[in-house]
Each structure stands twice: as C-alpha cells, then as structure tokens.
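Residue-level listing of the chains:
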Number of protein chains: 2
Amino acid sequence: RSINHRVDSRSLRLYRWYYSIFWQWTLVAVIGVILGLAFVEKPSSLSLSSDPHRRLRPWEPPCGATEGVEMVGLLLFALDLAVKGYLIGWEEFRKNKWLVAYVVVVSGSVIDLLLSVSMMCDESLRVRRVFRPFFLLQNSSLMKKTLKSIRRTLPEIASVILLLALHVCFFTMFGMLLFAKREKPEENGEWETYFRNLTVSLSSLLVLLTTANNPDVMIPAYTLNRLYSIFFVLFSVVGTYLMMNLITAIIYNQFRGYLLKSIQSSIMRRRLGIRAAFAVLCCRDRIQVQDQDQVRVQDQEKDQVQDQVQVKQHHVYEACKVTEGYVEGQAFLKLFEELEKDRIKEHPPMPEYSSRFMQTLQFLMSHYCFTMVGNVMAVANIICICCRKHTDHLLSERGSSSCLSPKAINVFFVTFYVVEMLLKMLALGFRRYLSYRSDVFDGFLTLSLLVGARSFLLVLQRRIRFCSIYTFCQKDFFNLREMMRLANMLIVFRFLRIIPNIKLMALVASTLMDLVKNLRAFAGILLVVYYVFAILGIWLFHGVIKVPANMRWVSTSSSLRFTENSRWDCGSYENLGYWPNNFDDFAASLVLLYNVMVVNNWQVFLEAYAKYTTEWSKVYFVSWWLISSVMWVNMFVALILENFTYKWDRSQGCSVTDVERIRYESS
Amino acid sequence: RSINHRVDSRSLRLYRWYYSIFWQWTLVAVIGVILGLAFVEKPSSLSLSSDPHRRLRPWEPPCGATEGVEMVGLLLFALDLAVKGYLIGWEEFRKNKWLVAYVVVVSGSVIDLLLSVSMMCDESLRVRRVFRPFFLLQNSSLMKKTLKSIRRTLPEIASVILLLALHVCFFTMFGMLLFAKREKPEENGEWETYFRNLTVSLSSLLVLLTTANNPDVMIPAYTLNRLYSIFFVLFSVVGTYLMMNLITAIIYNQFRGYLLKSIQSSIMRRRLGIRAAFAVLCCRDRIQVQDQDQVRVQDQEKDQVQDQVQVKQHHVYEACKVTEGYVEGQAFLKLFEELEKDRIKEHPPMPEYSSRFMQTLQFLMSHYCFTMVGNVMAVANIICICCRKHTDHLLSERGSSSCLSPKAINVFFVTFYVVEMLLKMLALGFRRYLSYRSDVFDGFLTLSLLVGARSFLLVLQRRIRFCSIYTFCQKDFFNLREMMRLANMLIVFRFLRIIPNIKLMALVASTLMDLVKNLRAFAGILLVVYYVFAILGIWLFHGVIKVPANMRWVSTSSSLRFTENSRWDCGSYENLGYWPNNFDDFAASLVLLYNVMVVNNWQVFLEAYAKYTTEWSKVYFVSWWLISSVMWVNMFVALILENFTYKWDRSQGCSVTDVERIRYESS
C-alpha cells in the first residue's frame, strides 16, 4: 500500500483497525451482498425455471426490503470512504482518481436509492445497479493493476480489430459482388439467405468469423460450384486463424513477464518493509524505547507477513544484539531466507509403535503399493458403476431388476474403503492423517458412503422381508435407485483421488490449481463485465420475447415439443427451444451471456433479438462478443500461457528447496 | 546439410548438379504432380459440384493415364534416391532412417502400381496413395525438423489429453447419474436426447468440449431447473477454457525460442561454412592452386549464399593478401557484416529532370499527400460501390434502372486512376516505378479496369443508340451488370493498397506476411495430414451416403428445398443440406475435413456417418479432430505467438540498420 498516510498515534490505530482482517472481510461481505441483491430484486430470479412457459410468478421481496439492505451497504461504503479519506489526507485524496470516482458512485447511488424509494419502487430504470460492480473493482488493488495493463494493450488490439474490420468489409464487398442476384432463380440460394444486402452480408460474415455458421453459410454456393468454397475457406483462414490468434499474441505479449514482475515487486516490497522495520528496531534498541513502536511500524507491512515476522522477531533481535546494532547485507539476506523457509510446514510425525506388528503395518501403509491398491479399487468401482449404468435401462426394460448384484458390489467396495481408512488412520496417527488434504477428502467421502450404505441396507432389509408383495418392491425400487444414485456420485468423486498419484497429471493439475489462484483478478473483472452487461440486458430486453398465447405448454416431452416446434423455421430461437435463455431476470441473463461468450450458435440469439426488437440490438451482442470472447478469453489464454511458462521455467531452474516446496504445495 | 558425402572430383560435380536449382525444382514439381493426381484419379473431382443430386458423371481418365504419370514420377524418385545414396555412401545411408523409409515407400509404391495395372485399374484399395505425402515430407529438411519437435511435445500433450479424457469421463458418469431416467416422462428430455447411454453421453460431452452443441445440450435440463446449467458451465469452463488452453500453453512452451534458435543455428552454420571456405582459400593462396577448388568448397554452402559470396570474393581475397593469410576474428566479423548488409537492394534512382515544371511535379508526386489523395479516392470509390450495391435490388425492383449514374462515377474513378498512374510513372521514372511492388499491383489493376471500362463504354454506346427498344435494354442490362461486377471486384482489390499506409496496420500486416513465410513447414505437415485423412476417408466412406431415390432435385431454390427438407429432423445432415460434404471424391473430402477442423457443427457429420455406417466411424472423425483442431491449430497459435513475440523483441532492441531492413522488406 501507499506510504502516504497520517502517522500520528490515533491515526495509526485507526489505520490498523481499518486494515484488520475483520474490517476487510466485512467490506468484502458487504460488496458480495450488494452484488447478490441483483438475484433477489425485481425481476427476481427465485423461480425454478426461467422458461416463460413454465415460470410461475416468483417470490418478490416487498418494496423497501432490498432497498433497506442496499442503504446499509451504502452507508458502510460511505464510512469506509470517510476513514480512507481521513487516513490519507485531502491532498492525496484529490489526486487519487479511484477515490474520487468512489465518492461520485456512492453519492449517486444514494440519490438514486432515495428517488426509487420515493417512487415506491416503481421506477423503470435503476441506474445505480449498473455501477454496483465498481465497489468490487475499487476494493481490489490487483484488479486495478490488471485493468491498467489491459488499458496498455488497447491501442494494439484496436489496430488488429481495425484490420479485422477491414478484412470483413473487404470480403463482404467481394462476397456481395460474387453472390449477386443471378438470372436463374435456383442459383440465388446464397444471395437470398446470406448476401441479400449490406447488413445481412456483414452479419453473416461476422458470424462466420466466429465460425458459428461455418458449413451452413457456404452450402448454397458450394452446392452449385465447389470453387466457391475457396472464398469461405480463405475468409476463415485469414480472419479466424490468422487475425484472431494475432490478438491472442498481442495480448500475451503484453502480459508476458507480468506474473514474474508482479511476484518480484511484491517480494521486493516485502523485503524493503522488513528492512525498514529492522532499521527502526535497531535504532530504537539503542535508545531503549518500549516495544510498542516496533509493532506499529510492522503494521505498515502486509498483514499476512506480520505473523511470521513476529515469530521470527527474536532472531532479528538476537542478531541485532550480537552485531551491536550493525548487520551486514549478507547476514540480513540470510536471515531473510531463514524467514522465508519457515513457511514450509511439516506434517506431524507418525506415532511410534513399540510392537513389531504395528511397525510392519505402518511400513506397509506408507508404502507406495498400498496407495496403488486403493487407486486400483477406485478404478474398479468406477468401471463397475459404468457397466451397470450402461446396461441399466436394458435390464429394467427386460424386467429383471437385478436388485442384489449391485448391492453386493457396493457393500464390498464400501467395506474396503472403510478398512482402508481405518488402517491409514492407525498407521499414520490421527493428526498426521488429518494433515494430508487428500486423505481428509477420502475419509469424508467414505463416511458419507457408509451412512448411505447403512440406510441402503435398512431399505433393503425391509424390502427382502416384503418381497412377496410385488407392488411394494416396485415402488421402493425408485427410492433405492435415488439412494444408489447419490452413493454412485460420491464414488465418482472419490475417483478423483488418483490424480495426484500420476506424476505428469499431477504437474498439469497443479498448474491448473495455481492458475485458479492467479486468476482472481481476471475473474473479478469478468464478474464486473458480466454484471454490467446483464443489468444493461435486463434494462434493454426485459420481457421482449413474448410466448405465443396458445403455446403455454407444461410438458417438455420431446414428442409434444416436436409437433409444437414444427411451425418454426429450423434452427431458429423458437424451434431450438431456447426460451429459457432470455433477459427476464438476472440469473437467466448471466446464462445467456455465457452462451454468447461460448460463441457457438450465438447467431440464433442475434437473429431472435433482432426480430423481436430492432436491428440495433445486434450492437449489444456484438459488443458483448468483442469484450467477452475476443478480449477476455484471449486474456485468459495469455494468463494460462504466462502461468505455464513461468512454472516451467521455475521447475527447470530452481533449487532443491523450491522443488520440495512445490511438492508440498501440490500434495 | 550434412557434411558426410564423397569428396572426389566426380562425386562433387554430381553433388553440385544434384543440389542445383534445376534439379531441386524438378523434384518439387514431380512431388506436386504426384500429389495432384488425387484430384484426377478415380473417383475424379472434375465435376462442377460435389452434391450427389446435381453431380453428373465426371470425366475420368482412361486406365493407365494416371498410372503412367505416376510411374514416371516414381522412376524419378528412384533416380533421386540412387544419386543421394551414392553421394552419401552406404554406411551413412543405412543410418539414415528417412532414406531407408524412402526406399521402402518407393519400392512399395512401384509394386502396388504394377499390381493395379495388372488388375486393369479395378482394385478397390490403392495403398500407395496413403504414402504419397511421404515424398513431400522426405524432401524438406524443415518439415523433418518440425516433426521432430512435435514428437518431443507428444508426452506432455498426451498427459493433458489423458486428463481431458478423465475430465470427460468424470462428467459423463456424473451427468448420467444426474440426468438418469425419472418417473415423470416429461422430465426425461435431457436423458432421452443426450444421456441415454454411455456412448451417447460420452459423445455429447465430447462435442460439448468443442462447444459445438453448446446451448442445445443444456436446454432440456435448463428448462426444468436453472441450477442444471451449473453442470454444463463447469464442464465447459474446466474442459474447454482451462484444459484446451493448457494444451496451447504446452505446445507453445515447446516451440518457444524455436524460431530464434533455428535462425541462430542457420546463421552459425553459414558463418562456419564461410569461415571454412575462407580458411581453404587462404591455404590454397599460399601454395598457388587454381581457383577451381575454391568454388568447389563454396558449393557445400547454401546455394542462396553462394552468389553473394562470389560477389564479395575479392573483398576476402584482398583482406587475405593484406594480412598475409592471417585475419583476426574482429576483421572477419566485420567483413561478414559487410557481406550481410549487401542484401538490402536499393530502389533505382529517380530520373533527373532539368525543367522546373517537372521538378515540381516530381516533388509533388513523391510527397505523402499525393498518396493520401489516392487512398481517399480509393475509399470514396468503395463507399460508392457499397451504397450502390445496398440500394441495387431496391432500385431494380422499382424499375428505375439508374443506368447512367453508376457509369459516370465509374468513368470518373477510372480516369483518376489512369492519370495517377501516368503521373507516378513520369515522376518516378519507369524503372523505379516497377521496383515498388505496391505500385506495380496498382498499375496492373488500373490497366485491367481500363480495359473493362472500354468494353463497358462500347456496350453502353450500343445501348444508348438502341435505348428506345426497351427489351434490348433489359436484356443488355445483365451483361452490363456482369461487367460492372468484374470492374467492382477489381476496385475492391485496389482498395487493399491503403493497408501499408497506415502505420499500425502495416506492422500487423507485415507480421502476418512474415508468418506466412515461416509457416511453410507447418503448412506442409498440414497438407500431409489432410492428404492422408482424405485418402483414408475416401477408402472408408466412399459413396456411403445415398440420396433417396425420389429426391433427385435440380433446383436449389429455398422454397422447394424447404418442402423437401421438412421430412428430416431439424439440424440433421439431410435437413441442413450438407449433401455436397461427402467422401465421394478427393476435393469434397478436403472440404469436409476442413469443416470438421473448424469444429462448428461437426457433430452433424459425426451423427450422419454413424447413422449411414457404424458407430465406429466416430473414431475416424474424433481422431481427425484431435490431430487437426487440437494439435495443429494449437501449433499454429504457438507459431503465431512465437513469431509475434520474436518480431516484437527484435523491433524493440534492434539497431538502425535492422529498422532500415525491416522497413524495406515490408514495403
């Protein structure tokens, strides 16, 4: 954090309280609640389905409920702002654009809120909603930094997008000339469907750029003459493969070294902080001041470092005494490394048994083979379930319900898992057992399975008793199935334990895990963008898609749907049954935006909303596509590349300690 | 090239002949012809359309024609092999796996060819076709090197693909349990369509991994309960976004520095070669041997370098004399740089005019503004065409044919272009004009436009004369339109000239251009893969898709197609009219494979071929998807990343000479 803040004793206490874990988490929780309000507010997302055919009138909070919660949240933000402003002083406050924007957004939101309460929650447009994600952005320095580096790439990306636009325009012109209206009506397929006029041609080629209408767009022309395919292949190769990937390259080029630099700078800052603390410590030491001051200076460092530093305080203190207030750079670095190393926690030791038998058992349990046997059993179990599921409906159709064989298998496997767990606990000792996360995960699943199997057996016992009554058996069978379904899901989860045991896979999986950690800033920005676009979407397209009056079906069985659907064109929004993808509430909007981000079939939404509203709705979808799919997905790819190459370089050139640490972190 | 070859005088002459431009180009041409045979051979691709409804019986070469050509080609390959074998000697030959494979393939092909001739070209399976791309691979050392580095990445990619398979399996299991058969039939939509049994579930999730059935696969479940969407979103995010991009990262990590290293090593080899030549030169110089030897040693270097070296020979020779056979390393490097620099050719000088008027003209023509005016005119022309095309069908519907206004505009623009071209030629001088590639391109298009406009005017004159006869006007209008269509296409092409004038765009465009140069090895490998898969596809699926007897329509107008199509399911192969995408001939197979590579809607092909043949056909398509879309496209992305970052680093840290060279190369 910035060093610019008041340093008098009262302010420092306030500063300490402000950056305490409690207040920071309170802020995060408040932001979460404020953002989460979108799900509850009118239009509420609390219905089971978002399909207008099936949706009942969802529960909606009374006027004033969400507004009250929001008011409390905004007041807390105002408090936060006041404290921050007081701490850094007016001069700094004015320079910081983020804080100024914070003031504007909070005050604007309060005014908007008061307005909407005075209108009895009946206003059509709630502007403050769009600005809510700002609180999230404002609160995370990482996200602000990421935004900054995104802003740096923008000019280059703009040039590629310009080139892309030129490419699309060029091919549109060329395509319109190539597929102009012909004399023979049967040769007009391409013109009629995809190149009728400028806007149609542009949007079909824009969609082709995302490959979402790939074979379809060329079919009418390609049916006539196979050479026409060259036009489309050329367009896709240059546009999709060359230029789109060039955007990836540009973004990656900007983010190259981003991770390394940020880690370097964070370590540098930490070192500097500790060095400063150390200097203060030494000075104070000579003139015999109380410890209070030390702690105060320490508070300026990151909170997470603080605890460690305090643990190691006596080391520094000792070193200080020995060298009489003077420590060489080398020694300081050594001390620092000592401080770093301490972060590797060790597993609690195994209990030491005196009996010969227990020692052998302990040896066997810790052996690699034992883990392998466990894995083989998990795989075998999965294969059993697999085979059973595959033949399940065949069997049930034939009437032979095969009640007992799956049960026997299940009981066998559950017994094995329980025995394995107990043996492991015995051998490793309970505390060491708990220190391995994978073992805890296993144990939890095994216990759940055991509970499941017990009630399963109970049901089964009842069943065998009454098995002569066929009807009961039939009715109970479903309960049994539901239970087995749950048990099977648990077993499938248990199957995941084999991943860390395969070496190559462990590397890849740990990369993925690391990625998720580094992803927070990106995920936050994605959240912000999703939120803003969803709110805009609700505002623009709320309730636009009307269900035909005679189509209020309740059943979704395919035969009924088929007859209903046949009156729509193939591949249209209505025919594909995309009804639940709409902007009628917040949750549905999120799913729709996700579907557009994935890009496949997005032209269906484009066309549907152009039909129900105006052609200008395409602007909304295209800009969402540009931001989410072009920008964000490419940023994501860049991040993965960066993360992987960083990890790779590190694993190639790192010392033994590092390898140890990596191994520990991935276990 | 390898240094292992015979060095006696006769062999060296043979060696020199073998690596002459003539023989190497002959080999390339022969390989091209042999590969091109696939288009002509039975099943021949020489029909206008590949749609089985419209396809007439194509021309097929008589038995023996293609076989004869192939025989000649194979004999040439045998000759090539013999020369190569002789040159490098038996010991080396045996060690070289590529050459041994070459022998096997050539002899195998000859045997297969003889067999097929003896069977009167009636054999069902021509094995030799599959091995033809081997000749291409064998002939390019770059491709062999690329193959090697691909082979190095395979283990890591395999681990990710394993993880991916695990991911798909896990979600398949989970999905089958989640969307099991329910009691109520209307809740069975998801189970019925996508999770009926193991194979169906697996393939729907595999397709979802490529996002090709994205919103569709979740619709039945999502309609029931919006929480089901989490399952699909989670699957896509982990599978498509995380793991697929991890493959990109792994491949990129392998190819990182590939370009730099290959350029470094090629320069090193060149320097070494010249150094060796130089050493020989100096030694020979002392004992007075004729020049013959120098030339012979020089031949061992790359042919392209050779010419330069001979030009600069006297420099080296001089230096040699001065230092009496001893040159310091520094001086040698300086000489070498001199040698390098010479590659930048200069444009021929402008002619010098004595008259004041001509000098002013020359100044004006070379000025930046003049180019800008030209560009503005090109853009204006494009906008004119654009507007015209947009309102074209509206006008023609209203009956007001607006014959004259487009003509006037066209004549105006053509006149401007011609004047511009002549002025430029005058100012720059004819030779300098020709030395700019962009100007030559412009001039060519202008001339074509002029020719077009002349015939256009001729037609128009005739027309004005007979304009009272309305019917003629109507009939002629189409000729006019065709002509204008052509002219407009040329103008659109001319529009491309503005690209090098926009700075940012020029950088991006030059990156793209450079990329294409570096792409040859990758394109070659892609060609090989396409070829092999197309031949395999023809062999496996030739004529599998049968057109229903009552559906031999000729017209493709949409109304007729609609009635015909309504009897197929929406979104099926037949309904979408994907008929021309089949394996009935080589060209059609290539297009089909391309469409699968682009991935969108590939499940349609998967399902159609599974329906017409067996479920096992999916193996073919999935393996093609893995090789083309997963492996090759990712490799392509890696190459683009590599190329861009290389170019970026170079442009950041290069000297003035380099900038000069880059500017020259991009002009």
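For the structure, see preceding data.
What you are looking at is a predicted structure, and each value in this text was computed from that prediction instead of being measured.

**Q** Could you give an account of the side chain of B:Ser45, naming the residues involved and the relevant values?
**A** With respect to the helices, strands and loops of the structure, B:Ser45 is situated in the loop between α2 (21–40) and α3 (65–95). According to the relative accessible area criterion, B:Ser45 is buried, its value standing at 8%. Polar side-chain contacts of B:Ser45 include one of 3.4 Å to the backbone nitrogen of B:Phe586. If we ignore the near neighbours within four places in the chain, the residues touching B:Ser45 are A:Arg226, B:Ala38, B:Phe39, B:Asp585, B:Phe586 and B:Ala587.

**Q** Can you explain the relation of the copies chain B and chain A? Please cite residues and give values.
**A** Between chain B and chain A, the superposition needs a rotation of 180° and an axial shift of 0.0 Å, giving an RMSD of 0.1 Å. A rotation of that kind, with that shift, is consistent with a two-fold axis. Residues of chain B ranked by C-alpha distance from the rotation axis are headed by B:Cys570, positioned 2.7 Å from it. Interface overlap between copies: 100% of the residues of chain B at the interface are likewise at the interface in chain A, consistent with a symmetric, same-surface contact.

**Q** Give me a positive patch on the surface: which residues, what numbers.
**A** Residues and elements named next belong to chain A. A surface patch of positive charge is lined by Lys97, Lys148, Arg151, Arg152 and Lys261. For the positive patch, the element with the highest residue contribution is helix α7 (residues 141–178), accounting for 3 residues. Relative to the helices and strands, Arg152 is located in helix α7. On the accessibility criterion, Arg152 (53% relative accessible area) is exposed.

**Q** I'd love a proper account of the nonpolar core, names of residues and values included.
**A** Across soluble globular proteins, nonpolar side chains have a tendency to be buried as a group. With 271 residues, the main nonpolar core has A:Phe77, A:Phe135, A:Phe621, B:Phe77, B:Phe135 and B:Phe621 as its most contacted residues. Excluding anything up to four places from it in sequence, B:Phe621 contacts B:Phe541, B:Phe583, B:Leu592, B:Val596, B:Trp602, B:Phe605, B:Leu606 and B:Tyr609.

**Q** Summarise the interface of chain B and chain A; cite the residues concerned and give the values.
**A** Between chain B and chain A, the contact holds 119 residues from the first and 120 residues from the second. With both sides pooled, the region where chain B packs onto chain A buries about 10,800 Å², and carbon together with sulfur makes up 70% of that total. Per-residue buried area on chain B facing chain A is highest for B:Leu177, B:Arg226 and B:Tyr241; these three make up 8% of the total on that side. One can count 2 salt bridges joining chain B with chain A. Between A:Asp585 and B:Arg226 there is a salt bridge, with its nearest N and O atoms 2.9 Å apart. Considering every element that reaches the side of chain B that touches chain A, the biggest residue donor is helix α11 (residues 228–255) of chain B, with 15 residues. Classifying every residue of the side of chain B that touches chain A gives 68 nonpolar, 32 polar and 19 charged.

**Q** Kindly report on the environment of A:Phe583, identifying the contributing residues and their values.
**A** By secondary structure assignment, the location of A:Phe583 is in the loop between α24 (558–565) and α25 (586–598). Separated by 540 residues in sequence, A:Phe583 and A:Pro43 have C-alpha atoms that sit 9.7 Å apart.

**Q** Could you give an account of the packing of α25(A) against helix α10 (residues 214–224) of chain B, with specific residues and numbers?
**A** The contact between α25(A) and α10(B) brings their axes to 10 Å, and the two run at 155°. On the basis of their axis angle, the class for α25(A) and α10(B) is roughly antiparallel. In this structure, α25(A) contributes A:Ala588, A:Val591, A:Tyr594, A:Asn595 and A:Val598 to the contact, and α10(B) contributes B:Asn214, B:Pro215, B:Met218 and B:Tyr222.

**Q** Break down the environment of A:Val598 for me, citing the residues and quoting the values.
**A** Within the secondary structure, A:Val598 sits in helix α25. Note on A:Val598: relative accessible area 6%, which makes it buried. Considered as a pair, A:Val598 and A:Ser628 are 30 residues apart in the sequence and their alpha carbons are 9.0 Å apart. Setting aside its immediate chain neighbours within four residues, A:Val598 contacts B:Thr211, B:Asn214 and B:Tyr241.

**Q** Let's hear about the packing of aromatic side chains: which residues, and what values?
**A** According to the stated counting rule, one finds 81 aromatic pairs over all chains in the structure shown. With centroids separated by 5.4 Å and ring planes inclined at 35°, the aromatic side chains of A:Phe541 and A:Phe583 adopt a geometry described as tilted. With A:Phe541 in helix α23 (residues 520–541) and A:Phe583 in the loop between α24 and α25, this residue pair connects regions lying 42 residues apart in the sequence. Judged by its relative accessible area of 5%, A:Phe541 is buried. Arranged with centres 5.6 Å apart and planes meeting at 65°, the rings of B:Phe583 and B:Tyr609 form a pair that is edge-to-face. Of the two residues, B:Phe583 is situated in the loop between α24 (558–565) and α25 (586–598) and B:Tyr609 in helix α26 (residues 602–612); the sequence distance between them amounts to 26 residues. Relative accessible area serves as the criterion here: at 0%, B:Phe583 is assigned to the buried category. The buried category is assigned to B:Tyr609, whose relative accessible area is 1%. Taken together, the ring pairs in this structure connect A:Phe170, A:Phe171, A:Phe174, A:Phe179, A:Phe195, A:Tyr228, A:Phe231, A:Phe232 and A:Phe235 into an aromatic cluster. Positioned above the aromatic ring of A:Trp191, the side-chain terminus of A:Arg196 is 5.2 Å from the ring centre.

**Q** Give me the pattern of salt bridges: which residues, what numbers.
**A** In total, this model carries 19 salt bridges over all chains according to the counting rule given. A salt bridge links A:Arg129 to A:Glu41, with the nearest nitrogen and oxygen atoms 2.9 Å apart. Taken together, the positions of A:Arg129 in helix α5 (residues 127–131) and A:Glu41 in the loop between α2 (21–40) and α3 (65–95) put the pair 88 residues apart, joining distant regions of the chain. When its relative accessible area of 1% is taken as the criterion, A:Glu41 is described as buried. The partner of B:Lys618 in a salt bridge is B:Glu615, and the shortest N-O contact between them spans 3.4 Å. Classification of B:Lys618 as buried rests on a relative accessible area of 16%. According to the relative accessible area criterion, B:Glu615 is partly exposed, its value standing at 46%.

**Q** Could you give an account of the side chain of A:Glu41, with specific residues and numbers?
**A** Within the structure, the side chain of A:Glu41 is placed 2.9 Å from the side chain of A:Arg129, a separation counted as a polar contact. Discounting chain neighbours no more than four positions away, the residues touching A:Glu41 are A:Thr66, A:Glu70, A:Arg128, A:Arg129 and A:Arg132.

**Q** Summarise helix α11 (residues 228–255) of chain A; cite the residues concerned and give the values.
**A** All names here are of chain A. In this model α11 runs 40 Å from its N-terminal to its C-terminal C-alpha over 28 residues, within 8% of the 40 Å that 1.5 Å per residue would give. α11 sits mainly inside the fold: 23 of its 28 residues count as buried. Immediately downstream of α11, the backbone of Gly257 shows phi near 80°, a positive value.

**Q** Run through a nonpolar patch on the surface, naming residues and quoting values.
**A** Residues and elements named next belong to chain A. Residues Ile21, Trp25 and Val28 make up a contiguous nonpolar surface patch of roughly 350 Å² in combined accessible area. By secondary structure assignment, the location of Trp25 is in helix α2. Residue classification places Trp25 among the exposed positions, given a relative accessible area of 58%.

**Q** Describe the packing of α11(A) against α25(B), listing the residues and the values that go with them.
**A** Look at α11(A) against α25(B): their axes get within 12 Å of each other, and the N-to-C directions meet at 30°. Overall, the two elements α11(A) and α25(B) adopt an arrangement that is roughly parallel. Like other packed secondary-structure pairs, α11(A) and α25(B) cross with a definite hand, here left-handed. Of α25(B), the residues touching α11(A) (which contributes A:Ser229, A:Phe232, A:Val233, A:Ser236, A:Val237 and A:Tyr241) are B:Val591, B:Tyr594, B:Met597 and B:Val598.

Parameters at a glance
Residues numbered from 1 in each chain as written. Chains lettered and ligands numbered in written order. Predicted model: local features only at pLDDT ≥ 70, side-chain atom pairs only at ≥ 80, totals over all residues. Heavy atoms only, no water. Helix = DSSP H or I, 4+ residues; strand = E, 2+ residues; numbered from the N terminus. Buried < 20%, exposed > 50% of the residue type's maximum accessible area, 1.4 Å probe, protein only. Polar contact = N/O pair within 3.5 Å; in protein donor to acceptor, adjacent residues only side chain to side chain. Contact = heavy atoms within 4.5 Å. Least-squares fit on C-alpha atoms with pLDDT ≥ 70 in both. Patch = residues over 30% accessible without salt bridge, like charges linked within 9 Å, V, L, I, M, F, W, Y side chains within 5 Å. Areas by Shrake-Rupley, 256 points an atom, 1.4 Å probe, with all protein chains shown as cover. Salt bridge = Lys/Arg side-chain N within 4 Å of Asp/Glu carboxyl O. Lys, Arg positive; Asp, Glu negative; His and termini not counted. Charge placed at Lys NZ, Arg CZ, Asp CG, Glu CD. Core = buried A, V, L, I, M, F, W, Y, C linked by side-chain atoms within 4.5 Å. Buried area = accessible area lost by both parts, 1.4 Å probe. Nonpolar A, V, L, I, M, F, W, Y, C, P; charged D, E, K, R; others polar. Axes fitted to C-alpha atoms, helices over the stretch in contact; angles between N-to-C directions. Parallel < 35°, antiparallel > 145°, perpendicular 65-115°, else oblique. Phe/Tyr/Trp six-rings, centres within 6.5 Å; stacked < 30°, edge-to-face > 60°. Lys NZ or Arg CZ within 6 Å of the ring centre and 35° of its normal. Expected span 1.5 Å × (residues − 1). Left-handed = near helix turned anticlockwise from the far one by under 90°.

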